[in-house]
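Chains, contacts and geometry: an overview
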Amino acid sequence: MSTENNTFTVWASIKKDLNPLEQVVINLKQWNKDSIELNVTHCGVCGSNIHTLEEEWGPIEYPCVAGHEIIGIVSSIGSNFCNVKVGDRAGVGPQSSSCHQCEFCLNSQENMCQDSVMYTYQSNWPNGDRAFGGYADKWRGDYRFVFKVPDSMSSRVAASFFCAGIIAYAPLKHSNIIPNKSVIRVMGIGGLGHYGIQFAKGFGAKVIGISHSEVKRDIAFQIGCDEYLNSSDKDAMSKYQNQLTHILCTGTGSDFEFIRN
Ligand SMILES: [Zn+2]
Ligand SMILES: [Zn+2]
């Protein structure tokens with residue numbers, strides 16, 4: 001089933017240095033048998049959206065529609081097999097397509113695709129159509145990168161799982177965490193670190209939260225940290241010398257010391 005209406009309404013950056021975002025109507029990507037369309041209900045605001053829109057990561061193409069923590073109701077699906085059906089709540093994250101043919105894609109590691117990792121916005125579909133994110137009333141893309149949202153999870157909560165959530169979960173899942181034995185230092189609290197701390201606790205590890213001041217101390221304990229260390233305090237930072245089994249680093253900056261001791 002293809003859709004009749006090939007336009008959608010977006011909140012876009014339409015011109016360099018022009019803020020705020022503007023509401024405009026633009027064309028959706030061309031429909032094909034692998035397409036799926038969502039009526040967008042929620043979209044998280046990822047830090048990378050800001051970096052992109054402010055061209056901190058290089059020039060962008062206008063209009064730019066950011067947003068890659070997208071939740072919506074499936075409104076149309078292409079003729080190829082689909083893991084969701086019309087009416088389902090579903091979401092898409094930062095990656096919207098890949099080559100589907102390389103050894104990584106064929107091994108369910110599309111994020112490692114050697115040919116064409118395609119991002120959800122600031123990217124182009126194979127036919128040259130621009131890719132647009134979720135600051136919009138619709139999203140149209142490849143069904144293979146859209147996932148059903150469990151009924152038990154609200155859309156508001158689910159949205160950020162599609163970027164921050166999976167980014168924090170995947171390395172922990174692949175890191176052989178042993179309940180009651182692993183000791184994980186989660187560096188950076190506030191975004192990815194919130195997920196990292198909670199997932200690490202869920203895997204049964206002892207979790208040490210690290211931030212560069214005292215500001216995050218209370219929230220760190222509220223979300224499950226067993227201990228909190230202020231990275232500005234050199235003595236405190238030596239406390240777990242040679243005891244850590246894992247470090248989950250969620251952010252870097254020019255003044256950010258990755259490891260001390
Ligand atoms: Zn993101
Ligand atoms: Zn590939």
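Counting restarts for each chain: residues are numbered from 1 in the order of the written sequence. Starting at A for chains and at 1 for ligands, labels are handed out in the order in which the entities are written. Given that this is a predicted model, residues contribute local features only at a pLDDT of at least 70 and side-chain atom pairs are listed and counted only at 80 or more, while totals for whole chains, interfaces and linings are drawn from all residues. In computing side-chain values, all of the structure's heavy atoms are included and hydrogens and water are not.

1. Quick look at the packing of helix α3 (residues 164-173) against helix α4 (residues 192-202)
It is at 8 Å that the axes of α3 and α4 come closest, and there the two elements cross at 40°. Between α3 and α4, the angle is such that the two are oblique. For the element pair α3 and α4, the recorded crossing hand is right-handed. Counting all contacts with α3, which are made through A164, G165, I167, A168, Y169 and L172, the residues of α4 involved are L192, Y195, G196, F199 and A200. When residues are grouped by polarity, Ala, Val, Leu, Ile, Met, Phe, Trp, Tyr, Cys and Pro land in nonpolar, Asp, Glu, Lys and Arg in charged, and all others, Gly among them, in polar. Split into classes, the residues belonging to the contact of α3 with α4 amount to nine nonpolar, two polar and no charged. Axes, fitted as lines to C-alpha atoms, cover a helix only where it is in contact. Angles between the N-to-C directions of the axes lie from 0 to 180 degrees. Secondary structure elements follow DSSP: runs of H or I of four or more residues count as helices, runs of E of two or more count as strands, with numbering from the N terminus. For classification, angles of less than 35 degrees are called roughly parallel, those exceeding 145 degrees roughly antiparallel, those between 65 and 115 degrees roughly perpendicular, and all remaining angles oblique. Note: crossing handedness is left-handed where the near helix turns anticlockwise from the far helix by less than a right angle, and right-handed where it turns clockwise. Pairs of residues are marked as contacts when any of their non-hydrogen atoms sit within 4.5 Å.

2. Notes on the coordination of the zinc ion (ligand 2)
Where a metal carries four tetrahedral donors, each ideal angle is 109.5 degrees; where it carries six octahedral donors, the ideal angles are 90 or 180 degrees. At 2.3 to 2.4 Å from the zinc ion (ligand 2) lie its protein donor atoms, namely C99 (SG), C102 (SG), C105 (SG) and C113 (SG). Note that water is not among the atoms considered, so a metal site may appear incomplete; the donors listed are N, O and S atoms within 2.8 Å of the metal, with 3.2 Å applied to Na, K and Ca. Mapped onto the sequence, the donors of the zinc ion (ligand 2) take the spacing C-x2-C-x2-C-x7-C. Of the two residues, C102 sits in the loop between β6 (95-97) and β7 (118-119) while C113 sits in the loop between β6 and β7, which places them 11 residues apart along the sequence. Only protein chains enter the accessibility calculation, which uses a 1.4 Å probe. A residue is then buried if its area is under 20% of the maximum for its type, exposed if over 50%, and partly exposed in between. Given the relative accessible area of 14%, C102 is considered buried. Residue C113 is classed as buried on the basis of its relative accessible area, which comes to 9%.

3. A short note on the UniProt feature "domain: Alcohol dehydrogenase-like C-terminal" (unreviewed entry) in the chain
With numbering matched to this structure, UniProt assigns "domain: Alcohol dehydrogenase-like C-terminal" (unreviewed entry) to residues 191-241. When the span residues 191-241 is considered, its composition is 41% helix and 20% strand, and the gap between its end C-alpha atoms is 26 Å. UniProt positions are given in the numbering used here, feature names are shortened, and annotations may be inferred rather than shown by experiment.

4. Regarding the sheet that holds strand β5 (residues 89-92)
Note: strands within a sheet are paired through backbone hydrogen bonds, in either parallel or antiparallel orientation. At least two DSSP bridges between two strands are required for those strands to pair. With antiparallel pairing, the five strands of this open sheet are ordered in space as β10-β3-β4-β5-β11. On the outer flanks of this sheet lie β10 (138-142) and β11 (146-148), each paired with one strand and no other. Shown here is a sheet whose adjacent strand axes are inclined to one another by a mean of 45°, direction ignored. Here strand β3 (residues 35-43) pairs with β10 via five bridges, running antiparallel. Each bridged residue has a counterpart across the sheet, and for S35 the counterpart in β10 is D142.

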